[in-house]
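Here's the letter readout for the chains.
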Amino acid sequence: MPNKPKTASKPSASKVASQLEAAQVYCRAQGSRLTAQRKEVLELLLRRGGSAKAYDLQDDMRVRHGRIAPSTVYRALEFLMAQHLVHRVDALNTFIVCNSDHQAHHPLLLVCSNCEAVTELQDDAAYAAVRKKLRQADAGFVESDIEVKGICGQCRTQQRRTGQETVATARS
């Protein structure tokens, strides 16, 4: 399911509440604490359609509480990433809500360069193949999420309709 930073529809209050409760239960089962502050950052991320920059979340918290240090938001996001509830998308400098089952995994994040939609895929075989090639090359890369940039199907369809498809897009 794609996370669409620019065009995301806002989830209903009941859907946000359900996701927060599921996160609370998950964290409790893992022996970790989803504190009020961490829960609030997750809630704000969910309310933004599942995708936001840290400073946008900080602004949202500032509206609610007044002055909030960036480190407050980043610490909460680090916890949420450690719990596999959130992923950082480096290509967009954005955080997205994980739409997997929150176990330790290495998603393939497909990032649209046009609309900034992010689609999370789980493909253990693809990840293992990349990891194997990196080890064969004696590369010292950190194991993490894999981001692939391109143009999503929706944007490609739109480009075809308007005749704006670029040569690079047509080749992909």
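That block above? That's the structure.
Asker: For this particular structure, what's the right way to read the layout of surface pockets?
Answerer: A water-sized probe rolled over the atoms picks out the places where empty space is left. Considered as a void within the structure, the second largest pocket measures approximately 240 Å³ in volume. Contributing to the lining of the second largest pocket are 13 residues, with Met81, His87, Arg88, Ser144 and Asp145 lying nearest its centre. Each residue belonging to the lining of the second largest pocket can be placed in one class, and the counts come to 3 nonpolar, 5 polar and 5 charged.

Asker: What is the right way to look at helix 1 (residues 13-30) in this model?
Answerer: Within an α-helix, residues lying three or four positions from one another point in the same direction, as the helix has 3.6 residues per turn. Compared with the 26 Å implied by 1.5 Å per residue over 18 residues, the 26 Å span of helix 1 between its first and last C-alpha is a close match. Those residues of helix 1 lying buried are Val16, Leu20, Ala23, Gln24, Tyr26 and Cys27. Buried residues of helix 1, viewed axially, fall in a sector of 165 degrees; they line one side. Turned more than 90 degrees off the buried face of helix 1, the exposed positions are Ser14, Arg28 and Ala29. Buried residues along helix 1 sit in contact with helix 2 (36-47) and helix 4 (70-82).

Asker: Looking at this structure, how should I read helix 3 (residues 54-65)?
Answerer: A rise of 1.5 Å per residue sets the reference length of helix 3, with its 12 residues, at 16 Å; its end C-alpha atoms lie 16 Å apart and thus fit the reference within 8%. Turning to helix 3, its buried residues number three or more, namely Ala54, Leu57, Gln58, Asp60 and Met61. Buried residues of helix 3, seen end-on, are gathered within an arc of 160 degrees and therefore sit on one face of the element. Residues of helix 3 that are buried make contact with helix 2, strand 2 (51-52), helix 4 and strand 4 (94-97). Once helix 3 finishes, Gly66 follows within two positions and takes phi at roughly 85 degrees, a positive value.

Asker: What is the right way to read the environment of Arg62 from this model?
Answerer: As for its placement among the helices and strands, Arg62 is situated in helix 3. In this structure, Arg62 is in contact with Arg67 and Ile68, ignoring residues within four places of it in sequence. Of note is the side chain of Arg62, whose polar atom sits 2.7 Å from the side chain of Asp59.

Basis of the calculations
Here, residues in each chain are numbered from 1, in the same order as that chain's written sequence. Given that the model is predicted, a residue must reach a pLDDT of at least 70 before its local features are reported, and side-chain atom pairs must reach 80 or more before they are shown or counted; all residues, however, enter totals for whole chains, interfaces and linings. Just so you know, side-chain values use all the structure's heavy atoms and leave hydrogens and water out. Points on a 1 Å grid, built from protein atoms alone, make a cavity when a 1.4 Å probe fits but cannot get out and make a pocket when they are open with protein on both sides within 12 Å along at least 5 of 7 lines; residues with an atom within 4 Å of a point are the lining residues. Grid points are joined across faces, edges and corners, and a volume is the space filled by probe spheres set on the points. Following the grouping adopted for this structure description, the nonpolar residues are Ala, Val, Leu, Ile, Met, Phe, Trp, Tyr, Cys and Pro, the charged ones are Asp, Glu, Lys and Arg, and the polar ones are all others, Gly among them. Secondary structure elements follow DSSP: runs of H or I no shorter than four residues count as helices, runs of E no shorter than two count as strands, and numbering proceeds from the N terminus. Expected helix span is given by 1.5 Å per residue-to-residue step, counting one fewer step than there are residues. For each residue, the accessible area found with a 1.4 Å probe, counting protein chains only, is set against the maximum for its type, and the residue is called buried under 20%, exposed over 50%, and partly exposed in between. Note: the arc covers the axis-to-C-beta directions of the helix. In what follows, residue pairs with any heavy atoms lying within 4.5 Å of each other are defined as contacts. Any pair of nitrogen or oxygen atoms within 3.5 Å is treated as a polar contact; in protein, a donor-acceptor pairing is required on top of that, and neighbouring residues in sequence qualify only through side-chain atoms on both sides.

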